[in-house]
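Read off the chains here:
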Amino acid sequence: QQQVKQSPQSLIVQKGGISIINCAYENTAFDYFPWYQQFPGKGPALLIAIRPDVSEKKEGRFTISFNKSAKQFSLHIMDSQPGDSATYFCAAAPSGNTPLVFGKGTRLSVIA
Amino acid sequence: DTAVSQTPKYLVTQMGNDKSIKCEQNLGHDTMYWYKQDSKKFLKIMFSYNNKELIINETVPNRFSPKSPDKAHLNLHINSLELGDSAVYFCASSHRGGAGELFFGEGSRLTVL
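Residues numbered from 1 in each chain as written. Chains lettered and ligands numbered in written order. Predicted model: local features only at pLDDT ≥ 70, side-chain atom pairs only at ≥ 80, totals over all residues. Heavy atoms only, no water.

Undergrad: Before we go on, may I ask you to explain the overall build of chain B in this structure?
TA: Across its full length, chain B holds 0 helices and 11 strands. Secondary structure of chain B in N-to-C order comes out as β-β-β-β-β-β-β-β-β-β-β. Computed over the C-alpha atoms, the radius of gyration of chain B is 13 Å, within 12% of the 13 Å expected from 2.2 N^0.38 for a compact globule of 113 residues. The buried share of chain B, taken over its 113 residues, is 44%. (Helix = DSSP H or I, 4+ residues; strand = E, 2+ residues; numbered from the N terminus. Rg over C-alpha atoms; globule rule 2.2 N^0.38 Å. Buried < 20%, exposed > 50% of the residue type's maximum accessible area, 1.4 Å probe, protein only.)

Undergrad: In this structure, what is going on with the overall build of chain A? I would like to understand it.
TA: Looking only at helices and strands, chain A features 0 helices and 11 strands. Starting at the N terminus and walking to the C terminus, you meet the elements of chain A as β-β-β-β-β-β-β-β-β-β-β. Relative to a compact globule of 112 residues, whose C-alpha radius of gyration would be 13 Å, chain A shows 13 Å and is just as compact. Expressed as lengths along the three principal axes of its C-alpha atoms, the size of chain A is roughly 40 × 30 × 20 Å. Going through the 112 residues of chain A one by one, you find that 46% of them count as buried. Considering only residue pairs separated by 6 or more positions, chain A has 54% of its internal contacts joining residues 24 or more positions apart. If you sum the accessible surface of chain A, you get close to 5400 Å²; carbon and sulfur atoms cover 50% of it. A distance of 6 Å separates the average location of the 11 positive side-chain charges in chain A from that of its 7 negative side-chain charges. (Contact = heavy atoms within 4.5 Å. Areas by Shrake-Rupley, 256 points an atom, 1.4 Å probe, with all protein chains shown as cover. Lys, Arg positive; Asp, Glu negative; His and termini not counted. Charge placed at Lys NZ, Arg CZ, Asp CG, Glu CD.)

Undergrad: What is the right way to look at the layout of surface pockets in this model?
TA: To find leftover empty space, a probe the size of one water molecule is rolled over the atoms. Here the largest pocket is characterised by a volume of approximately 660 Å³. Every residue lining the largest pocket is counted, 28 residues in all, and those nearest its centre are Phe102, Gly103 and Lys104 of chain A together with Phe42 and Leu43 of chain B. Elements that contribute at least two residues to the lining of the largest pocket include exactly strand E1 (4-7), strand E10 (101-102) and strand E11 (106-111) of chain A together with strand E5 (43-50) of chain B. Estimates place the volume of the second largest pocket at around 310 Å³. Contributing to the lining of the second largest pocket are 19 residues, with Gln37, Lys41, Ala87, Val88 and Arg109 of chain B lying nearest its centre. (1 Å grid on protein atoms, 1.4 Å probe; cavity = no way out; pocket = protein on both sides within 12 Å on 5 of 7 lines; lining within 4 Å. Points joined across faces, edges and corners; volume = space filled by probe spheres on them.)

Undergrad: Would you mind going over the interface of chain B and chain A with me for this structure?
TA: A common way to report how large an interface is uses the accessible area buried once the components associate. If you look at the interface, chain B gives 23 residues, while chain A gives 22 residues. Overall, the association of chain B and chain A removes approximately 1800 Å² of surface from exposure, summing both partners, and the carbon and sulfur fraction of that is 58%. Its salt-bridge partner being Glu106 of chain B, residue Lys42 of chain A comes within 3.0 Å of it at the nearest N-O pair. Across the chain B-chain A interface, the total number found is 4 residue pairs in polar contact (both at pLDDT 80 or more). Within the side of chain B that touches chain A, the residues separate by chemical class into 11 nonpolar, 6 polar and 6 charged. (Buried area = accessible area lost by both parts, 1.4 Å probe. Salt bridge = Lys/Arg side-chain N within 4 Å of Asp/Glu carboxyl O. Polar contact = N/O pair within 3.5 Å; in protein donor to acceptor, adjacent residues only side chain to side chain. Nonpolar A, V, L, I, M, F, W, Y, C, P; charged D, E, K, R; others polar.)

Undergrad: Looking at this structure, I do not really get the nonpolar core. What am I missing?
TA: Burial of nonpolar side chains together is a common tendency in soluble globular proteins. Val4, Phe33, Trp35, Phe73, Leu75 and Tyr88 of chain A are the most contacted members of the largest nonpolar core, which totals 25 residues. Counting residues per element, this core draws most heavily on strand E9 (residues 86-94) of chain A, at 4 residues. Among all residues touching Tyr88 of chain A, those that are not within four sequence positions of it are Gln6, Ile21, Tyr36, Gln37, Leu47, Phe62, Leu75, Ile77, Gly105, Thr106 and Leu108 of chain A. Core analysis: the second largest hydrophobic core is formed by 20 residues, Cys23, Met46, Val60 and Leu76 of chain B among them. (Core = buried A, V, L, I, M, F, W, Y, C linked by side-chain atoms within 4.5 Å.)

Undergrad: Any chance you could explain empty space enclosed by the protein here in plain terms?
TA: Residues and elements named next belong to chain B. Going through the model one piece at a time under the given rule, you end up with 1 cavity of 30 Å³ or more. The computed volume of the largest cavity comes to approximately 30 Å³. Put simply, the parts of the chain that give the lining of the largest cavity at least two residues each are strand E4 (31-37), E5 and strand E8 (73-78). Of the residues in the lining of the largest cavity, the class split is 3 nonpolar, 5 polar and 3 charged.

Undergrad: Got a minute to help me understand the environment of Phe103 of chain B in this structure?
TA: Residues and elements named next belong to chain B. The residue Phe103 is located in strand E10 (residues 103-104) in this model. The sequence separation of Phe103 and Cys91 amounts to 12 residues, and the corresponding C-alpha distance is 8.5 Å. In this structure Phe103 touches Val4, Leu27, His29, Cys91, Ala92 and Ser93, once residues within four positions along its chain are discounted.

Undergrad: Mind showing me how you'd approach the sheet that holds strand E7 (residues 62-67) of chain A here?
TA: In any sheet, the strands associate via hydrogen bonds between backbone groups, in a parallel or an antiparallel arrangement. All names here are of chain A. Across the sheet, which stays open at both edges, the 5 strands sit in the order E1-E3-E8-E7-E6 with antiparallel pairing between neighbours. Two strands close off the open sheet at either side, each with one partner strand: E1 and strand E6 (56-59). Across this sheet, the average inter-strand angle for adjacent strands is 15 degrees, counted without regard to direction. Where E6 meets E7, 4 bridges bridge the pair, whose relative direction is antiparallel. Along E7, the bridge assignment pairs Glu56 with Ser65. (Pairing = 2+ DSSP bridges. Axes fitted to C-alpha atoms, helices over the stretch in contact; angles between N-to-C directions.)

Here it is in structure tokens:
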């Protein structure tokens, strides 16, 4: 119940294309869903986050789509650029002091 | 100014040795964490401290002992190192536990030979 299942494990996208990464969860107590971006040799950094009271959140080229009934959420990267090549983690947490649970990560490569 | 800083960045040591990793945050956060990232990039919570008190202790061998001298510092001491302890260890902090932004350090890569 504490798991967050992320797919795909790796993704190759052409420059200018759309990258889509999906996550699913079981725990209905989760109410915070962030995405983290990690470059090689660096720690993960918050990219964008959503709470279940909205179905979509957009920040620049990055959009989270959230489907509460299906218990799924996804990250869309529009106009993908080589600089977006990184590992992306979805995560989830309930309210309170319980730490984030992370998905297993998706290694994105954007090729020119 | 680095928000969450860890030292050392790299550690190479022999099996059976003891080592420590230090972490400091200058963000004024109340909650600090240690995460372990294995070779497959999987991030797993190890410990969570809130105001110097242990909140979460996941299934981690008791060879791992965190210590929080104050709320800005959370150190990790590892006894009797094993090959399987090789990983990148990340310290992180947040304003509050759970549903808040985590700020990660740059990681400490531990290699046990």
